[in-house]
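The residues making up each chain are set out below.
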Amino acid sequence: MSPGELKLLCVKPAMTLRDALLRMEQVSRGILLVLDSEGVLARTLTDGDLRRAILKGAGDSSLLGGLPLTSPIAVNESADAADVLRLMDAHQIDHLPIVDPGGKPVDVIFRRELSQRIWLSSPHLGNEESEFVAEAFKTNWIAPLGPHVNAFETELASHVGVGYGAAVSSGTAAIHLGLVLLGIKPGDTVFCSSLTFVGSCNPILYCGARPVFIDSEPSTWNMSPIALEQAFEWAKRESRLPACVILVNLYGQSADMDALLPICERYGVPVLEDAAESLGATYKGKASGAFGRVAVYSFNGNKIITTSGGGMLMADDPDLVVRARKLATQAREPAAHYEHIEMGFNYRMSNVLAGIGRGQLRVLKERVVQRRRVFERYQEAFADIPQIQWMPEPEGYHSTRWLTCFTLAGPHANQRCSQVMKALERHLIEARPVWKPMHMQPLFNGAPYFAHKAGQDVSARLFDSGICLPSGSNLSEGEQDRVIDQLRHALTMGRESSLAA
Ligand SMILES: *Cc1c(COP(=O)(O)O)cnc(C)c1O
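Everything numeric here is computed off the predicted structure, so don't read it as measured data. (Residues numbered from 1 in each chain as written. Predicted model: local features only at pLDDT ≥ 70, side-chain atom pairs only at ≥ 80, totals over all residues. Heavy atoms only, no water.)

Draft legend 1. Broad picture of the sheet that holds strand β18 (residues 404-408). Spatial ordering of the open sheet is given by β16-β18-β21-β19, a layout of four strands whose pairing is antiparallel. Pairing within the sheet leaves two strands with one partner each, and these edge strands are β16 (388-390) and β19 (432-433). With four bridges connecting them, β18 and strand β21 (residues 466-469) associate as antiparallel partners. Bridge assignment links threonine 404 to a residue of β21, and that residue is leucine 469. Strands in contact with helix α14 (residues 413-426) are β18, β19 and β21; relative to β21, the strand with the most contacts, it is inclined by about 20°. (Pairing = 2+ DSSP bridges. Helix = DSSP H or I, 4+ residues; strand = E, 2+ residues; numbered from the N terminus. Contact = heavy atoms within 4.5 Å. Axes fitted to C-alpha atoms, helices over the stretch in contact; angles between N-to-C directions.)

Draft legend 2. Representation of the site of the ligand. Of all residues adjacent to the ligand, which total 16 residues, the nearest are Gly171, Thr172, Glu277, Ser298 and Lys303. A distance of 2.6 Å separates an oxygen atom of the ligand from a polar side-chain atom of glutamate 277. Surface burial for the ligand is 94%, taken as the share of its 380 Å² of free accessible area covered by protein chains. Here the shell around the ligand takes three residues from helix α7 (residues 171-181), the largest share from any one element. Across the shell around the ligand, the residue classes tally to four nonpolar, nine polar and three charged. (Near = heavy atom within 4 Å. Polar contact = N/O pair within 3.5 Å; in protein donor to acceptor, adjacent residues only side chain to side chain. Areas by Shrake-Rupley, 256 points an atom, 1.4 Å probe, with all protein chains shown as cover. Nonpolar A, V, L, I, M, F, W, Y, C, P; charged D, E, K, R; others polar.)

Draft legend 3. Fine view of the domain arrangement of the protein. Examined at the domain level, the protein breaks down into domain 1 (3-115), domain 2 (128-361) and domain 3 (365-500). Listed per partner, the contact involves 20 residues of domain 1 and 16 residues of domain 3. In total, domain 1 and domain 3 occlude about 1,700 Å² of area from one another, counting both sides; carbon and sulfur atoms represent 60% of this. Of all residues in domain 1, the largest losses of buried area upon contact with domain 3 belong to Pro3, Asp107 and Glu113, amounting jointly to 33% of the total for that side. Inspection of the region where domain 1 meets domain 3 yields zero salt bridges. There are eight residue pairs in polar contact (both at pLDDT 80 or more) connecting domain 1 and domain 3. Of all the secondary-structure elements, those providing two or more residues to the side of domain 1 that touches domain 3 are α1 (3-9) and β6 (105-110). (Domains from an automatic or database assignment. Buried area = accessible area lost by both parts, 1.4 Å probe. Salt bridge = Lys/Arg side-chain N within 4 Å of Asp/Glu carboxyl O.)

Draft legend 4. Up close: the environment of serine 465. Along the chain, the position of serine 465 falls in helix α15 (residues 458-465). Given the relative accessible area of 5%, serine 465 is considered buried. Counting along the chain gives 209 residues from serine 465 to aspartate 256, while the straight-line C-alpha distance between them is 23 Å. Excluding anything up to four places from it in sequence, serine 465 contacts Phe406, Thr407, Leu408, Ala413 and Cys417. One polar contact links the side chain of serine 465 to the main-chain carbonyl oxygen of arginine 461, over a distance of 2.8 Å. (Buried < 20%, exposed > 50% of the residue type's maximum accessible area, 1.4 Å probe, protein only.)

Draft legend 5. Geometry of the environment of glutamate 229. One can find glutamate 229 in helix α9 (residues 225-237). As a C-alpha pair, glutamate 229 and serine 169 span 60 residues in sequence and 34 Å in three-dimensional space. When residues no more than four places from it in sequence are discounted, the contact partners of glutamate 229 are Ile263, Arg266 and Tyr267.

Draft legend 6. Seen up close, the side chain of arginine 401. Looking at where arginine 401 falls in the secondary structure, it is placed in the loop between β17 (397-398) and β18. With no salt bridge to any partner, buried arginine 401 finds its closest opposite charge in glutamate 393, at an N-O distance of 4.0 Å. At 2.9 Å, the side chain of arginine 401 forms a polar contact with the backbone oxygen of methionine 391. (Lys, Arg positive; Asp, Glu negative; His and termini not counted.)

Draft legend 7. Inspection of the state of the cysteines at higher detail. Taken as a whole and judged by the stated rule, the model has zero disulfides. For cysteine 405, which is in no disulfide, the shortest distance to another cysteine sulfur is to cysteine 468 and amounts to 3.8 Å. On the basis of relative accessibility, which here comes to 0%, the residue cysteine 405 falls in the buried class. (Disulfide = S-S within 2.5 Å.)

Draft legend 8. Here's a closer look at the packing of helix α6 (residues 147-160) against helix α12 (residues 351-361). Contact geometry of α6 with α12 gives a least axis separation of 8 Å together with a crossing angle of 30°. What the angle tells us is that α6 and α12 run roughly parallel. Handedness of the crossing formed by α6 with α12: left-handed. Facing α6, whose interface residues are Pro147, His148, Val149, Ala151, Phe152, Glu155, Leu156 and His159, α12 presents Asn351, Ala354, Gly355, Gly357, Arg358 and Leu361. A class-by-class count of the residues in the contact of α6 with α12 yields seven nonpolar, five polar and two charged. (Parallel < 35°, antiparallel > 145°, perpendicular 65-115°, else oblique. Left-handed = near helix turned anticlockwise from the far one by under 90°.)

Draft legend 9. Looking closely at α15. Every buried residue of α15 is listed here: Val458, Ser459, Ala460, Leu462 and Ser465. Next to the buried residues of α15 lie β18, α14, β20 (449-450) and β21.

Dropping the structure here:
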């Protein structure tokens, strides 16, 4: 509920029944909140209460203060959506005021809102997936490999303009294979962006290698060239140059390849591009995922397109991709009997899921447009609130806005972000903090870390003050409006001193 609307719901005991009826009609929510002279919630008033009072003979001009007092049913700000629903059920009501510790109303939740959760990023099917899947069933090509897998690989490769693809069971599996292809051995050092999802760097551990984390830069939120340069200088001094650099493209946006790739080249270190979150994005006209010696996409359920679960390893070098496909099928040698020389994995994508992927690929362009439109609506809606600072999209970058993210400027950002997310959650709106950087994770305790600048830990600040909003390409305008209203309210909550008008 918007602050303006909440203000209209709040009335004083000195209001006449006539005015209350008019107000009730004006706000058309079926309730009003009667506040005492201190602004504390005295009672909730439903249209039923008003009609009953009039039937019992109360005159139009009698005052709300004269109605029998009922103790208000309300909850405080620590309640979550489940608490709210439980209370509504227990009292058979469809609305519930939220009050601050002083008993002043700060919000009202209506049952209707709680019937439909708004997700951060949910799967969005097109029209053709079921036909591809049906074809797999009809031809009994359910598993293991099959024509959809080959077609999905070729179609995606040509869509992004990278030579070849190997379809696998997840983005994480693709990263693991990529590291194996690049020859990562136990004890090797691997550089990786710190601000990312753990799937980027768990595979470093699978290989028995040691991660070194690199900070973000403020202008892209992706790997800082300054921090990368410093990490290389340190590694050179320590004689432990990395065997590979994992470059992550975050939240649908490419890293600054023109600044980062030459540094890696200078040290002769290959790049694994983690484009799990950036399929569909471009950097200076070239597809995200077309920059690393090896690149990786994910088709997990929350990504821009999905196969329910899956990933693809991409490379221009056909030898690398052929080898990836072999390693992903238990590294089986081409012999009728099962011959094995090296260790392999069971990582291939099934033909059914590849069918979903082919259908999804046909709507990828549309999904990018839709996600960007969601971002633009948020941006327009909050143009008047300078404390909201959107993830930047520098000139030459085309982000998919896979997730719409912002940081809150000003003091106590972390505390305010938690309050905002908690308030949204009460209205069944899923918002999340920006990724917790890997150098702050207990799993990677003791791993070296290079900040953007001395005393300037950018990824830690983004985590501290950042929020991701619901961003799905299937969010209706009504749902976006719900998020916009609730976010606006959550941002101003606790600031309104006196609501009663
Ligand atoms: C999702 C994701 C992965 C892992 O992909 P899965 O398909 O979930 O295994 C890796 N890196 C990043 C940055 C991701 O967002």
